[in-house]
Amino acid sequence: MVKRLFLSFHIFLLSGISIIAQQNSLVNTSGSPYAKLHPLNITDVTWTNGFWAERFSVCEHSMVPFMMGMYMNDSISHGFANFEIAAGLKQGEHVGPPFHDGDFYKMLEALIMVYSVNKDEKLDRQIDSIITIIGKTQRADGYIHTPVVIKQRNDTTKKKEFAERLDFETYNMGHLMTAACAHYRITGKKNLLNIAIKATDFLYYYYKNKAFDLAQNAICPSHYMGVIEMYRTTGNPKYLELAEGLINIRSMVVKGTDDNQDRIPFRQQREAVGHAVRSNYLYAGAADVFLETGEDSLMMALDAIWHDMTERKMYITGACGALYNGVSPDGTTYDQKPVQQVHQAFGRDYQLPNLTAHNESCANIGNLLWNWRMFLATGDAKYTDIMEQVMYNSLLAGVSLDGKGYFYTNPLAVSNNLPFVLRWSKVREPYIGYCNCCPPNTIRTVAEIQNYMYSLSSEGLWVNFFGGSKLKTSLPDKSFLEIEQITDYPWNGNIKINIISAPKDEFPIYVRIPGWASGVSISINGQKKKISNIPGKYTIISNIWKKGDIIQIDIPMSAQLIVSNPLVEETKNQVAIRRGPVVFCLESCDIPDNSDLNNIRIPENIELTPELNELNGSTWYSLIGKVYLVKHEDWGGQLYRELDKGYNQEIEVRFVPYYVWGNRGKGDMSVWLPLTR
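Residues numbered from 1 in each chain as written. Predicted model: local features only at pLDDT ≥ 70, side-chain atom pairs only at ≥ 80, totals over all residues. Heavy atoms only, no water.

1. What about the overall build of the protein chain?
Logical step 1: Across its full length, the protein chain carries 15 helices and 26 strands.
Logical step 2: Relative to the globule expectation of 26 Å for 677 residues, the C-alpha radius of gyration of the protein chain, 25 Å, shows essentially globular dimensions.
Logical step 3: For the C-alpha atoms alone, the extent of the protein chain along its principal axes is close to 80 × 65 × 50 Å.
Logical step 4: For the protein chain, with 677 residues in total, the buried portion stands at 61%.
Logical step 5: The long-range fraction of contacts in the protein chain, counting pairs at least 24 apart against all pairs at least 6 apart in sequence, stands at 71%.
Logical step 6: For the protein chain, the exposed area adds up to about 26100 Å²; of that, 49% sits on carbon and sulfur atoms. (Helix = DSSP H or I, 4+ residues; strand = E, 2+ residues; numbered from the N terminus. Rg over C-alpha atoms; globule rule 2.2 N^0.38 Å. Buried < 20%, exposed > 50% of the residue type's maximum accessible area, 1.4 Å probe, protein only. Contact = heavy atoms within 4.5 Å. Areas by Shrake-Rupley, 256 points an atom, 1.4 Å probe, with all protein chains shown as cover.)

2. Focus on the packing of aromatic side chains
Logical step 1: Using the criterion set out here, one finds 33 aromatic pairs in the structure.
Logical step 2: Measuring from ring centre to ring centre gives 5.8 Å for phenylalanine 51 and tryptophan 491, while their planes differ by 65°; the resulting arrangement is edge-to-face. With phenylalanine 51 in helix 1 (residues 51-71) and tryptophan 491 in the loop between strand 11 (480-487) and strand 12 (494-501), this pair connects stretches of sequence that are 440 residues apart.
Logical step 3: Look at tryptophan 491 and you get buried, because its relative accessible area is 8%.
Logical step 4: For the ring pair tyrosine 143 and phenylalanine 202, a centre distance of 5.3 Å and an interplane angle of 65° mean the geometry is edge-to-face. With tyrosine 143 in the loop between helix 4 (121-136) and helix 5 (146-154) and phenylalanine 202 in helix 7 (residues 191-209), this pair connects stretches of sequence that are 59 residues apart.
Logical step 5: Clustering of aromatic rings is evident, with ring pairs tying together Trp47, Phe51, Trp52, Tyr392, Phe466, Tyr489, Trp491, Tyr621 and Tyr659.
Logical step 6: Seen from the ring of tryptophan 635, arginine 641 lies directly overhead, with NZ or CZ sitting 4.1 Å from the centre. (Phe/Tyr/Trp six-rings, centres within 6.5 Å; stacked < 30°, edge-to-face > 60°. Lys NZ or Arg CZ within 6 Å of the ring centre and 35° of its normal.)

3. What to know about the packing of helix 10 (residues 237-248) against helix 11 (residues 276-293)
Logical step 1: Close contact between helix 10 and helix 11 brings their axes to 10 Å; oriented N to C, the two are set at 130°. Put simply, helix 10 runs oblique to helix 11. Pair helix 10 / helix 11 crosses with left-handed handedness. Every residue of helix 11 that contacts helix 10 at Leu240, Ala243, Glu244 and Ile247 is listed here: Ala286, Val289, Glu292 and Thr293.
Logical step 2: Residue composition of the contact of helix 10 with helix 11, by class: five nonpolar, one polar and two charged. (Axes fitted to C-alpha atoms, helices over the stretch in contact; angles between N-to-C directions. Parallel < 35°, antiparallel > 145°, perpendicular 65-115°, else oblique. Left-handed = near helix turned anticlockwise from the far one by under 90°. Nonpolar A, V, L, I, M, F, W, Y, C, P; charged D, E, K, R; others polar.)

4. Observations regarding the packing of helix 1 against helix 15 (residues 438-448)
Logical step 1: Between helix 1 and helix 15, the shortest axis-to-axis distance is 10 Å and the interhelical angle comes to 150°. Taken together, the axis directions place helix 1 and helix 15 in an arrangement best described as roughly antiparallel. The hand of the helix 1/helix 15 crossing is left-handed. Together, Arg55, Phe56, Cys59, Met63, Val64, Met67 and Tyr71 of helix 1 and Pro439, Pro440, Ile443, Val446 and Ala447 of helix 15 make up the contact between the two elements.

5. Digging into the pattern of salt bridges
Logical step 1: Throughout the structure, instances matching the rule amount to 31 salt bridges.
Logical step 2: Lysine 106 is the salt-bridge partner of aspartate 103, the closest N and O atoms lying 3.4 Å from each other. Within this pair, aspartate 103 and its partner lysine 106 are both found in helix 3 (residues 100-118), separated by three residues, close to a single helical turn.
Logical step 3: Among the ionic pairs, glutamate 604 bridges to arginine 677, the shortest N-O distance being 2.7 Å. In this pair, glutamate 604 sits in the loop between strand 21 (600-603) and strand 22 (609-615) while arginine 677 sits in the segment after strand 26 (673-676), placing the two residues 73 residues apart along the sequence.
Logical step 4: Of the residues examined, arginine 677 reaches a relative accessible area of 76% and is grouped as exposed.
Logical step 5: Where salt bridges share partners, they join Arg185, Glu229, Arg232, Asp288, Glu292 and Arg373 into one cluster. (Salt bridge = Lys/Arg side-chain N within 4 Å of Asp/Glu carboxyl O.)

6. A closer look at the sheet that holds strand 10 (residues 469-474)
Logical step 1: One open sheet accounts for seven strands, arranged 4-10-11-12-17-14-15; its pairing is antiparallel. Unpaired on one side and paired on the other, strand 4 (45-47) and strand 15 (527-528) mark the two borders of the sheet.
Logical step 2: Here strand 10 runs beside strand 11; their pairing, made up of six bridges, is antiparallel. Within the sheet, the bridge partner assigned to leucine 471 lies in strand 11 and is isoleucine 483. (Pairing = 2+ DSSP bridges.)

7. Details of the nonpolar core
Logical step 1: In terms of nonpolar packing, the biggest core is built from 226 residues, with Phe266, Trp370, Ile553, Phe655 and Val671 touching the most fellow members.
Logical step 2: Take this core: its biggest share by element is twelve residues, from helix 1.
Logical step 3: Aside from chain neighbours lying at most four places away, what touches phenylalanine 266 is Ile247, Leu282, Tyr283, Ala286, Leu298, Ala301, Leu302 and Ile305. (Core = buried A, V, L, I, M, F, W, Y, C linked by side-chain atoms within 4.5 Å.)

8. A closer look at the environment of asparagine 533
Logical step 1: As for its position among the elements, asparagine 533 is in the loop between strand 15 and strand 16 (537-543).
Logical step 2: The sequence separation of asparagine 533 and valine 414 amounts to 119 residues, and the corresponding C-alpha distance is 39 Å.
Logical step 3: When sequence neighbours within four positions are dropped, the list of residues in contact with asparagine 533 reads Ile513, Val520, Ser521, Ile522 and Thr539.
Logical step 4: Within the structure, asparagine 533 has its side chain in polar contact with the backbone oxygen of valine 520 (distance 3.1 Å). (Polar contact = N/O pair within 3.5 Å; in protein donor to acceptor, adjacent residues only side chain to side chain.)

9. Quick notes on the sheet that holds strand 9 (residues 461-463)
Logical step 1: Pairing is mixed across the open sheet formed by five strands, whose spatial order is 3-8-9-13-16. Each of the sheet's edge strands pairs with one partner strand only, and the pair in question is strand 3 (38-39) and strand 16.
Logical step 2: Sheet topology places strand 9 next to strand 13 (residues 507-513); three bridges connect them, and they run parallel. Bridging across to strand 13, leucine 461 finds its partner in isoleucine 509.
Logical step 3: Contacts between helix 13 (residues 361-378) and the sheet are confined to strand 3, strand 8 (454-456), strand 9 and strand 16, with strand 8 contributing the most and set at about 35° to the helix.
Logical step 4: The sheet strands contacting helix 14 (residues 381-397) are strand 13 and strand 16, and the helix crosses strand 13 at an angle near 55°.

10. Topic: the pairing of strand 22
Logical step 1: As paired strands, strand 22 and strand 23 (residues 618-630) are joined by seven bridges and run antiparallel to one another. From the neighbouring strand, asparagine 613 faces strand 23, where its bridge partner is tryptophan 620.
Logical step 2: Count of turn residues in the strand 22/strand 23 antiparallel hairpin: two residues, of which asparagine 616 carries a positive phi of about 55°.

11. So, helix 11
Logical step 1: With 18 residues, helix 11 ought to run about 26 Å at 1.5 Å a step, and its terminal C-alpha atoms sit 25 Å apart, in line with that.
Logical step 2: In terms of burial, helix 11 is largely enclosed, as 18 of its 18 residues are buried. (Expected span 1.5 Å × (residues − 1).)

12. Side note on a nonpolar patch on the surface
Logical step 1: The grouping of Phe212, Met252 and Val254 at the surface amounts to a nonpolar patch, some 250 Å² of accessible area in total.
Logical step 2: Looking at where methionine 252 falls in the secondary structure, it is placed in the loop between helix 10 and helix 11. (Patch = residues over 30% accessible without salt bridge, like charges linked within 9 Å, V, L, I, M, F, W, Y side chains within 5 Å.)

13. Observations regarding the environment of phenylalanine 466
Logical step 1: On the secondary structure map, phenylalanine 466 appears in the loop between strand 9 and strand 10.
Logical step 2: Relative accessible area serves as the criterion here: at 0%, phenylalanine 466 is assigned to the buried category.
Logical step 3: Once you skip the residues sitting within four places of it in the chain, phenylalanine 466 turns out to touch Trp52, Tyr392, Met453, Gln485, Thr487, Tyr489, Ile495, Val511, Arg512, Pro514, Ile553 and Ile555.

14. Here's the deal with the environment of alanine 86
Logical step 1: Considering the arrangement of structural elements, one finds alanine 86 in helix 2 (residues 81-86).
Logical step 2: Overall, the relative accessible area of 1% leaves alanine 86 in the buried class.
Logical step 3: Residue contacts for alanine 86: discarding those within four places in its chain leaves Lys136, Thr137, Thr146, Val149, Ile150 and Arg153.

Listed below in structure tokens is the structure:
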């Protein structure tokens, strides 16, 4: 008989506000009535060795100190200086984009997440000193946004709150709320949380009294996730009312746009449209509201949009937002009135260009955030499959191996022969000028990956992802669970789960079988089990566990040639290479000098051999194989010419993981390459 585990929470008072004592997870669904699953405490999972331990180490020792150092240096960034000026500690004007505060809050959250692991007292003091300055910028009514506060400090007749649609006030406050909840759950300190409570109360006041004005300013709505997390932290019912209301008032927007997903009410939407960061943040926030309310119309919209995106508009790397500029709707009507410009946006169905792909790093992270919440609501592996696709590909491509360079966009091909200059650099930059929103988002996400590894339901433990790690947690029935995962995933599919401590009764463990996998086998203590291991599903392993029990999962890891739907015009008659969850690419530095990636042909029977590589302290596996190189000639300004036949040279090349590209110097790159039979 399986002992059912129910998560409970209790309430105590904090500064006059009810704060829920609950599981201290990053997205805390322990009290969410419509959540099937609940994440573990932030500190329950630690990396031991392997892929993610290596990435976290780079995050801790390079990404975080390097980027925070630049934010604190006002000759490079005014990210922190704006707070000092708004607090009256310095003289000056606001410098940087209006969303600069939000970027800094994301960086602060990354600092907090690293502290949750290393418990460095110096880091703790730095966090507290930053929070003190942030608090000094907040108005008495709870409003906090340095561009406005600085203008009002310098001239009381100047700029007012919510005066401009693209001022990103609520976006910034949303990231403040998220960071504050994480900080409180990790440290128990209320200093940042109290600032966030005041900001959330201000938004609630504005919603109740000036809903129309607030509706016009819901740009890139990170605050939907933030407000719900504040509700989960404080138990204040006003915050749930606010979160629901923020979705409702989107119908009040005057001249709404597809670019901002407010041309039609959210509940009527069925397609992924417009700015991909704004859309994925909206979808994640709406999923959060569903987890608390169970409103069917929200899930109907989210489900339809998810299928539209994953089946027609998402890249093989999990990236989103094909177009830097486009129009919506396009090609669907002779009436030109509905046609609107969109930017950094989803394109038409199956419109997935490679050289000009936008794929902003923040949009890809938004895809991960949205799918996590959909998974918590349903327990469906299709969502964790998408998360894995993002984690090993488009997320990590956004940062260099040494943690000191970043991409804003993530194309699937790069050519230095293009006769025009694309808007964003195809070389990673230490600080991305005016718009540095992606680096801190990437950093905080890498710092938080361990929080996605496992989940709990009323039935048992869910193993969502694989990586060398230890899990130690107390279950709601007061029993203790401790396991260790030993694996070199994603480079091989041998995963060992050692049981160190478990409940005395029968306890199910749900293991995700990746959607790309086949021939998976599972054994317990060396004995193979006849379990239905269906790709794209969770398989149930139930047992009365004892110390020393070993679950062995073997996932075959052969390289696969992947083709796209024939309606994807840009990749017709081409293939990509994927091994496990990792997508590979070919760089010009791995083919003969004076050759061109456009002249490479992949044989359908190619044999690919993994080979260990190391660069900048990072290790990965490349794939070695033989391809055909066709005759290379200078096109000399020609647009078309007769096919040149009869020249195929067999050469050996090295394919590298997509996230590794660009770390060995500037050059051409392509994920998709022509197939030859």
